[in-house]
Amino acid sequence: MKVDFNKLKAEISLPDFLLNLGWKFVAGSSNSCPKMSNGTHTVVIKRNAQNQYTYWDVHSDNVRGRTILDLMQEHLFETTGKQPTLREVGEILQNYINTNQITTPENSRYDVGNASVSTDELTMYLKHLKPYDGNYLQERGISDESVNSPVFKDVFLIREVKNKNTTYRNICVKMYNDKGVQAISQRNESFKGILGGKFECLALSNHDKSRPIDILYVGESIIDCISHYQLCHKSTGLNLVYVSTEGTLTEGQMQLLRIIVTKNEVRSLRSIFDNDKQGYKYTLWLDNNLRGMQHNVEQMDSDELKITAYQVSNTEFPNRKDWNDDLKAATIEKTAQ
């Protein structure tokens, strides 16, 4: 049987294929960026530069940019106990196409977008950004004083998106690599997503470039970063920088952190990830990557992850799941008093 592997990756709608295998959509999914889970793995689906469907596992930095061939090979191994060759996988998928057992992109309701945007597209999106206003941050306990502080002034922006008769107001932050703005992280009450590719980018706060950086904080969310600032450093004279991965910590982001540390005088680097299993993993990944440690992260169970992560120097964990949860709890307690 003749098999065109490149066509398989582009002509089989991956979201529809996963639905047929029993996967389900989960919170944060959209038609242009499906997020799906089978109960064990959770993946985000985007197209690459060749217009092929690819997926990232949100809980493993080792699984990124993979295609339907990789997924089908793993699925067959899990269901049969035998590891098929890519050729065998290709023939099975080709037979699905030949017998019309799959959904093509043209017939799919899921208009999956590219993992990156062109320079012109990014320029257009940036032009549409407006200064932050509204109450999204304030409803999460974040004060106007923090939003307008030297550290976070003009970091948060608004992008209005019109869909039929509804206008959505997305809270946005720019994401940078060593060449400038490359992506935009956006969220509203029911949605989180990235315009562009975040693999080698970080969202970041302001700082005084004429002075050494006293503390460089690394967190999972810019909302958590400003929450930590309000809880721990309000009106500080320290020269602080907060950077956020805006989700899963990637290898590219850790490389960018090394560049930042190399090019700037950073007196202290501290992680402020979530107080959960993924936050513990990110803490240990960073410890391995930036400090040369050798934590065997993927082999640890939940208890070992937590114990080991709490022993890492220059690490702060919130009392609750994340720093915004801590801030909201502190705000409620202050109001009650």
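Residues numbered from 1 in each chain as written. Predicted model: local features only at pLDDT ≥ 70, side-chain atom pairs only at ≥ 80, totals over all residues. Heavy atoms only, no water.

Any chance you could explain the pattern of salt bridges here in plain terms?
Any two side chains of opposite charge can pair, on the condition that their charged atoms come close. In this structure the tally under the stated criterion is 18 salt bridges. Between Arg-140 and Glu-139 there is a salt bridge, with its nearest N and O atoms 3.9 Å apart. Accessibility expressed as a relative area gives 48% for Glu-139, which makes it partly exposed. Between Asp-326 and Arg-320 there is a salt bridge whose closest N-O contact spans 3.5 Å. (Salt bridge = Lys/Arg side-chain N within 4 Å of Asp/Glu carboxyl O. Buried < 20%, exposed > 50% of the residue type's maximum accessible area, 1.4 Å probe, protein only.)

Looking at this structure, how should I read helix H8 (residues 251–263)?
An α-helix turns once per 3.6 residues; consequently, residues spaced three or four apart project the same way. For H8, built from 13 residues, the straight-helix expectation of 18 Å at 1.5 Å per residue is met to within 8% by its first-to-last C-alpha distance of 19 Å. Buried-residue contacts for H8 involve strand S7 (166–177), strand S10 (202–204), strand S11 (215–219), strand S12 (240–244) and helix H9 (277–291). (Helix = DSSP H or I, 4+ residues; strand = E, 2+ residues; numbered from the N terminus. Expected span 1.5 Å × (residues − 1). Contact = heavy atoms within 4.5 Å.)

Would you mind going over the side chain of Thr-315 with me for this structure?
Within the fold, Thr-315 resides in the loop between helix H10 (302–310) and helix H11 (323–336). Polar contacts involving the side chain of Thr-315 include one to the side chain of Ser-271, which spans 3.2 Å. When near neighbours in sequence (up to four residues on either side) are disregarded, Thr-315 contacts Ser-271, Thr-283 and Ala-309. (Polar contact = N/O pair within 3.5 Å; in protein donor to acceptor, adjacent residues only side chain to side chain.)

Just checking my understanding: could you explain helix H4 (residues 86–98) for this structure?
Taking 1.5 Å per residue as the helical rise, H4 with its 13 residues ought to reach 18 Å, and the 18 Å between its terminal C-alpha atoms agrees with that figure. When H4 is considered as a whole, its buried residues turn out to be Val-89, Gly-90, Leu-93, Gln-94 and Ile-97. When H4 is viewed along its axis, its buried side chains cluster within an angular range of 130° and face the same direction. In the core, the buried residues of H4 are packed alongside helix H1 (5–11), helix H2 (14–20) and helix H3 (68–80). The positive-phi residue at the C-terminal boundary of H4 is Asn-100, with phi of around 55°. (Arc of directions from axis to C-beta.)

Before we go on, may I ask you to explain the layout of surface pockets in this structure?
Over the atoms rolls a probe the size of a water molecule, and in doing so it shows where empty space is left. Considered as a void within the structure, the second largest pocket measures approximately 370 Å³ in volume. Considering the residues around the second largest pocket, the lining is formed by 16 residues, among which Asn-177, Leu-204, His-207, Ile-260 and Asn-264 are closest to the centre. Among the elements of the structure, S7, S10, S12 and H8 are those that each provide at least two residues to the lining of the second largest pocket. The biggest single contributor to the lining of the second largest pocket is H8, with four residues. A class-by-class count of the residues in the lining of the second largest pocket yields ten nonpolar, three polar and three charged. (1 Å grid on protein atoms, 1.4 Å probe; cavity = no way out; pocket = protein on both sides within 12 Å on 5 of 7 lines; lining within 4 Å. Points joined across faces, edges and corners; volume = space filled by probe spheres on them. Nonpolar A, V, L, I, M, F, W, Y, C, P; charged D, E, K, R; others polar.)

What should I look at first to understand the environment of Phe-156 in this one?
Its place among the elements puts Phe-156 in the loop between helix H6 (144–147) and strand S6 (157–163). For Phe-156, a relative accessible area of 3% gives the class buried. Considered as a pair, Phe-156 and Tyr-132 are 24 residues apart in the sequence and their alpha carbons are 5.7 Å apart. For Phe-156, the residues in contact, after removing those within four places along its chain, are Tyr-132, Leu-137, Ile-171, Cys-172, Val-173, Ile-222, Ile-223 and Ile-226.

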